[in-house]
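# Residue-level structural notes
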Amino acid sequence: MEINSLEIIIPAYNEEDNIAGVIQDIRKALGDNCRITVVDDASQDKTAEIAKSEGAEVIRHPYRIGNGASIKTGLRQAKAEVVVLMDADSQHLPQDIPSLVSQID
């Protein structure tokens, strides 16, 4: 299957120490061939600002409603044909995304 559009959704809460690196690693793995959306769950730090400065689209919750709700927000707002969910704490390796996506038929 040829993928016409790919979006990476990253739910985040107070991840200012990690978010830039995660976004940069996604760009290294995929180039500019994807949309990166960070769903900021009312962080009290600079998560949203840093994500924006790294070129990510940012959706901000006005108050904290949790990881599951952040995932749902991201999925509802997604604009791509294929969506990959990724944690903001570097738990998942962005270099695995091309292999993962290649398995879609």
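Residues numbered from 1 in each chain as written. Predicted model: local features only at pLDDT ≥ 70, side-chain atom pairs only at ≥ 80, totals over all residues. Heavy atoms only, no water.

Moving on, we come to the nonpolar core. Core analysis: the largest hydrophobic core is formed by 22 residues, its most contacted members being L6, I8, I10, I26 and V38. Counting only elements with at least two residues in this core, the list comes to β1 (6-12), α1 (19-30), β2 (35-40), α2 (47-53), β4 (82-85) and α4 (97-102). Looking at which element gives the most residues to this core, the answer is α1, with five residues. Once you skip the residues sitting within four places of it in the chain, V38 turns out to touch I10, A12, I19, I23, A51, A56, E57, V58 and I59. (Core = buried A, V, L, I, M, F, W, Y, C linked by side-chain atoms within 4.5 Å. Buried < 20%, exposed > 50% of the residue type's maximum accessible area, 1.4 Å probe, protein only. Helix = DSSP H or I, 4+ residues; strand = E, 2+ residues; numbered from the N terminus. Contact = heavy atoms within 4.5 Å.)

It is worth spelling out the pairing of β4 at this point. Here β4 shows one buried face, formed by V82 and V84, and one open face, formed by V83 and L85. In terms of strand pairing, β1 meets β4 through four bridges, oriented parallel. The residue bridging L6 from the neighbouring strand is V82, located in β4. (Pairing = 2+ DSSP bridges.)

This brings us to helix α3 (residues 67-77). Restricting attention to buried positions, one finds in α3 the residues S70, T73 and G74. Buried residues of α3, seen end-on, are gathered within an arc of 95° and therefore sit on one face of the element. (Arc of directions from axis to C-beta.)

Quick look at the sheet that holds β2 now. A sheet is described by the order of its strands in space; here four strands give the open sequence β3-β2-β1-β4, paired in parallel fashion. In this open sheet, the two edge strands, each paired with only one partner strand, are β3 (57-60) and β4. The sheet shows a mean angle of 25° between the axes of neighbouring strands, direction not considered. Against the sheet, α1 contacts β1 and β2, and its axis sits at roughly 165° relative to β1. With respect to the sheet, α3 is in contact with β1, β2, β3 and β4, its orientation differing from that of β1 by roughly 155°. (Axes fitted to C-alpha atoms, helices over the stretch in contact; angles between N-to-C directions.)

For the rest of this paragraph, the subject is the layout of surface pockets. By volume, the largest pocket amounts to about 170 Å³. In this structure, the largest pocket is lined by P11, A12, Y13, E15, D41, R64, G66, N67, S70, D87, A88 and D89. Of all the elements in the fold, those that place two or more residues in the lining of the largest pocket are β1 and α3. (1 Å grid on protein atoms, 1.4 Å probe; cavity = no way out; pocket = protein on both sides within 12 Å on 5 of 7 lines; lining within 4 Å. Points joined across faces, edges and corners; volume = space filled by probe spheres on them.)

For the rest of this paragraph, the subject is α1. Taking 1.5 Å per residue as the helical rise, α1 with its twelve residues ought to reach 16 Å, and the 16 Å between its terminal C-alpha atoms agrees with that figure. Residues of α1 that are buried include every one of I19, A20, V22, I23, I26 and L30, and no others. Buried residues in α1, looked at end-on, bunch into an arc of 165°, giving them a common side. Where α1 is buried, its residues touch β1, β2, α2 and α4. The positive-phi residue at the C-terminal boundary of α1 is G31, with phi of around 65°. (Expected span 1.5 Å × (residues − 1).)

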